[in-house]
Amino acid sequence: MELDIQRLIGERAKENVDLHAAHVNPQFAKVLRTIGFDKSWIRGQGPYLYDTDGREYLDMLSGYGMFNVGRNHPKVKKILSDFLAMDHASLVQMEAPITSGLLAEELKKRVPSSLDTVYFTNSGTESNETAIKFAHCATRRPRIVYCHHAFHGLTNGSLSINGEEFFRSGFSPLLPDCTPIALGDLAALNAELSRGDVAGFVLEPIQGKGVHVASDEFLRGAAECCRKHGTLFILDEVQTGFGRTGKLFAMEHSGVVPDVLLLSKALSGGYVPVGAVMTRREVFLKVFTSMERCVVHSSTFGQGAFAMVAGLAALSVLDEEKLVENAQRMGGLLFSGLEQLKERFELIQEVRGKGLMIGIEFGRPKSFTLRMGWDLAHKMSSSLFGQAIVIPLLADHAIVTQVSGHGIDVVKLIPPLVITERDVDRFLTAFEQVVEKAHHFPGPVWEVTSRLAKFALKR
Ligand SMILES: Cc1ncc(COP(=O)(O)O)c(C=O)c1O
């Protein structure tokens, strides 16, 4: 029988978690059920998600930061369907695709002129793998320096520069010669780089895990230190790129220009996996040294036409709808609203980030009973408190958020850049109510932590 995809998905939409438990990732299915995220999503529009019961949710997670232009943007959809209608000859391989040439041209218009050559990848981790290889090859040096708490992806090379033991554990041996330093520790960076054997220093301008912001001073110092010691300065803007922080790229806040810029996530508007590595021609030509080595680093799906067209479409929407400016404005509103809540609620310790990449850190309260609840919850697990905020936000207020990292009490907001003042108000009102409830111990928010801890113990 001919496949009717709309009918198939429509009829079986509610089987999603069962199918995952049976065939895909049973542990993840269990987590979703435990925290009440076992929804059957049926539609997405802009910053909203809809489940099979027709309930509308505000998406403050945007697919881990890739739906910057919002879900199913009509202009992106139109451009993609126009392109599909062309029956274009994609991935001939022995060719120079027009689509990747056009996207490279557009990307170059938006970054400093020294980043004049583009290598296309399929994901954020592949952009990082590429940077590691390019750095080794271009400098002929063995070491890579990275930061504690860094997240650059989970394939072997990227994992070797991951700053969390949680992710690394069980996967050794990883790449040798990768050295962590603390984010912001210029003296440590200088000490490592002055040994003269460091190929590249890789960092996120704002770390995705925990939302730790690299200061302008550190970024400028690091760029200078790399230049002095002949180390490639590699900025991973996979998450901070394409308007997320209120500038098109986070590097613009400090004015640093990296030797290598890593991109992915929002580049395709969330439709197709895509990534890009932008570097100086000189670095590129140290890797691709001859005609014989012209594809010495490559991948079958790299420069896929659909991904390239999605990139062109997403960039044009970011421009036309002034979404970078909107990210800055909405980020400002969220920040000031959250700062006001911080003054009122002792559990909120810090609000940090830039634009629409915001981390809300909770901390041990001063008042006696609340502190008892905090200590109890943290004795059960160091990772549960954030979930006690995220779970009621979803269940009671239909807002999707996430906990940012393991063993920390940070809730992270990375909504689509299309959110409006109404969405900001909706979030702040809901968040206020959840945090207000969390200030009553014992109370329903704290019950969430003990329920989760019991689940964890049972496992
Ligand atoms: C800064 C950063 N780099 C790299 C990655 C890895 O990207 P991907 O999941 O596409 O491999 C991520 C993913 O969250 C990221 O935030």
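The numbering scheme is per chain: residues are counted from 1 as the chain's sequence reads. Given that the model is predicted, a residue must reach a pLDDT of at least 70 before its local features are reported, and side-chain atom pairs must reach 80 or more before they are shown or counted; all residues, however, enter totals for whole chains, interfaces and linings. Side-chain measures were taken over the full set of non-hydrogen atoms in the model, leaving aside hydrogen atoms and water.

Enquirer: Explanation requested: the overall build of the protein in the structure shown.
Expert: The secondary structure listing takes helices from DSSP runs of H or I that are at least 4 residues long and strands from runs of E that are at least 2 residues long, numbered from the N terminus. Summing up its helical and strand segments, the protein has 19 helices and 15 strands in all. In this treatment the radius of gyration is a C-alpha quantity, and the globule benchmark scales as 2.2 Å times the residue count to the 0.38 power. Taken against the 2.2 N^0.38 rule, which gives 23 Å for 459 residues, the C-alpha radius of gyration of the protein at 23 Å falls within 12% of a compact globule. Only protein chains enter the area calculation, which uses a 1.4 Å probe; residues under 20% of their type maximum are buried, those over 50% are exposed, and those in between are partly exposed. Sorting the 459 residues of the protein into buried and exposed places 54% on the buried side. In the protein, of all internal contacts separated by at least 6 residues, the share reaching a separation of at least 24 is 71%. Each accessible area value is a Shrake-Rupley result obtained with a 1.4 Å probe; residue values ignore everything except the protein chains displayed when judging cover. Accessible area of the protein: about 20,900 Å², with a carbon and sulfur share of 56%. Two residues qualify as a contact provided that any one of their heavy atoms is within 4.5 Å of a heavy atom in the partner residue.

Enquirer: Teacher, can you tell me more about the nonpolar core here?
Expert: Across soluble globular proteins, nonpolar side chains show a tendency to be buried alongside one another. Among the nonpolar cores identified, the biggest contains 110 residues, and Leu107, Phe201, Phe362, Phe427 and Phe431 are the most heavily contacted of them. For this core, the element with the most residues is helix α14 (residues 305-320), which contributes nine residues. What marks off one domain from the next here is an automatic or database domain assignment. In terms of domain composition, this core takes at least three residues from each of domain 1 (39-69 + 322-458) and domain 2 (75-320). Leave out the neighbours within four places in its chain, and Phe201 touches Val145, Tyr146, Cys147, Ile181, Leu189, Phe218, Ala222, Cys226, Thr231, Leu232, Phe233 and Ile234. Cys178, Val260, Val283 and Phe284 belong to the second largest nonpolar core, which has 23 residues in total. In this text, buried Ala, Val, Leu, Ile, Met, Phe, Trp, Tyr and Cys residues form a nonpolar core when linked through side-chain atoms within 4.5 Å.

Enquirer: Please explain the pairing of strand β9 (residues 260-263) as it appears in this structure.
Expert: Across a regular strand the side chains alternate sides, sitting on one face of the sheet and then on the other. With burial as the criterion, each face of β9 is covered, one bearing Val260 and Leu262 and the other bearing Leu261 and Leu263. A pair of strands counts as paired when DSSP detects no fewer than two bridges linking them. Sheet topology note: the strand β8 (residues 232-236)/β9 ladder contains three bridges and is parallel. From the neighbouring strand, Asp236 faces β9, where its bridge partner is Leu262. One ladder, built from four bridges, connects β9 with strand β10 (residues 275-279); its direction is antiparallel. Directly across from Leu262, in β10, lies its bridge partner Val277.

Enquirer: Help me understand the site of the ligand in this model?
Expert: Here, proximity means that at least one heavy atom of the residue falls within 4 Å of the molecule or strand. The full set of residues close to the ligand is Ser123, Gly124, Thr125, Asn128, Phe151, His152, Gly153, Glu204, Asp236, Val238, Gln239 and Lys265. In this structure, an oxygen atom belonging to the ligand sits 2.8 Å away from a main-chain N or O atom of Thr125. We call two N or O atoms a polar contact when they sit within 3.5 Å, provided that within protein one can donate a hydrogen and the other can accept it, with sequence-adjacent residues counted only if both atoms are side-chain atoms. The separation between a nitrogen atom of the ligand and a polar side-chain atom of Asp236 is 2.7 Å. Coverage of the ligand by the protein amounts to 79% of the 390 Å² it exposes when considered alone. A total of three residues in the shell around the ligand trace back to one element, the largest contributor, which is helix α7 (residues 124-139). Only Asp, Glu, Lys and Arg are considered charged, only Ala, Val, Leu, Ile, Met, Phe, Trp, Tyr, Cys and Pro nonpolar, and every remaining residue, Gly among them, polar. Per-class residue counts for the shell around the ligand are two nonpolar, seven polar and three charged.

Enquirer: Teacher, can you tell me more about the sheet that holds strand β15 (residues 410-413) here?
Expert: Sheets are built from strands that pair by backbone hydrogen bonding, the pairs being arranged parallel or antiparallel. Read from one edge to the other, the open sheet built from four strands follows the order β11-β12-β15-β14, with strand pairing classed as antiparallel. Edge positions in the sheet fall to β11 (348-354) and β14 (402-403), since each of these pairs with one other strand and no more. Across two bridges, β14 lies against β15 in antiparallel orientation. What sits directly across from Val403, in β15, is Val411.

Enquirer: I keep staring at the pattern of salt bridges and nothing clicks. Help me out?
Expert: Pairing is possible between side chains that carry opposite charge, provided their charged atoms lie close to one another. Salt bridges are defined as contacts in which a side-chain nitrogen from Lys or Arg sits within 4 Å of a carboxyl oxygen from Asp or Glu. Considering all chains together, one arrives at 28 salt bridges under this definition. The partner of Arg195 in a salt bridge is Asp197, and the shortest N-O contact between them spans 3.9 Å. Look at the salt bridges and you will find they share partners, linking Glu106, Lys109, Arg110 and Asp319 into a network.

Enquirer: Is there a simple way to explain the environment of His149 in this structure?
Expert: Relative to the elements of secondary structure, His149 occurs in the loop between β5 (143-147) and α8 (156-160). Here the alpha-carbon distance between His149 and Gly208, two residues 59 residues apart in the chain, equals 8.7 Å. The contact partners of His149, leaving out residues within four places of it in the chain, are Gly163, Glu164, Gln207 and Lys209.

Enquirer: It is not clear to me how unusual backbone geometry should be interpreted in this structure. Could you clarify?
Expert: One can expect most non-glycine residues to show negative phi and most peptide bonds to be in trans. For the bond running from Ser172 to Pro173, omega is 5°, close enough to zero to count as cis. With respect to the element layout, Pro173 can be found in the loop between α9 (165-168) and β6 (178-181). Backbone torsion omega between Phe441 and Pro442 reads -5°, so that peptide bond is classified as cis. Notably, Leu91 is not glycine yet its phi reads approximately 55°, a positive angle. Overall, the relative accessible area of 27% leaves Leu91 in the partly exposed class. With a phi close to 60°, Arg140 is a non-glycine residue in the positive phi region. Position of Arg140 relative to the elements: it lies in the loop between α7 and β5.

Enquirer: Please explain the packing of helix α6 (residues 98-109) against α14 as it appears in this structure.
Expert: Packed helix pairs are specified by the crossing angle of their axes together with the interaxial distance, meaning the distance between the axes. Between N-to-C directions, angles cover 0 to 180 degrees, with each direction set by a line fitted to C-alpha atoms, over the stretch in contact for helices. Contact pair α6 / α14: the axes reach a minimum separation of 9 Å and the direction vectors enclose 30°. One way to sum up the angle between α6 and α14 is to call them roughly parallel. Handedness of the α6/α14 crossing: left-handed. Between α6 and α14, the residues in contact are Thr99, Ser100, Leu102, Leu103, Glu106 and Leu107 and Ala305, Met308, Val309, Gly311, Leu312 and Leu315, respectively. Residues that form the contact of α6 with α14 fall into these classes: eight nonpolar, three polar and one charged. Should an angle lie under 35 degrees it is considered roughly parallel, over 145 roughly antiparallel, and from 65 to 115 roughly perpendicular; all remaining angles are considered oblique. Here is the rule for handedness: rotate from the far helix to the near one, and if that takes an anticlockwise turn smaller than a right angle the crossing is left-handed, while a clockwise turn gives right-handed.

Enquirer: Would you take a moment to explain the side chain of Thr139 for this structure?
Expert: Tracing the sequence through the fold places Thr139 in helix α7. Here Ala135 takes part through its backbone oxygen, which lies 2.7 Å from a polar atom of the side chain of Thr139. For Thr139, the side chain forms a polar contact with the main-chain nitrogen of Arg141, separated by 3.2 Å. When near neighbours in sequence (up to four residues on either side) are disregarded, Thr139 contacts Ala199, Gly230 and Leu232.

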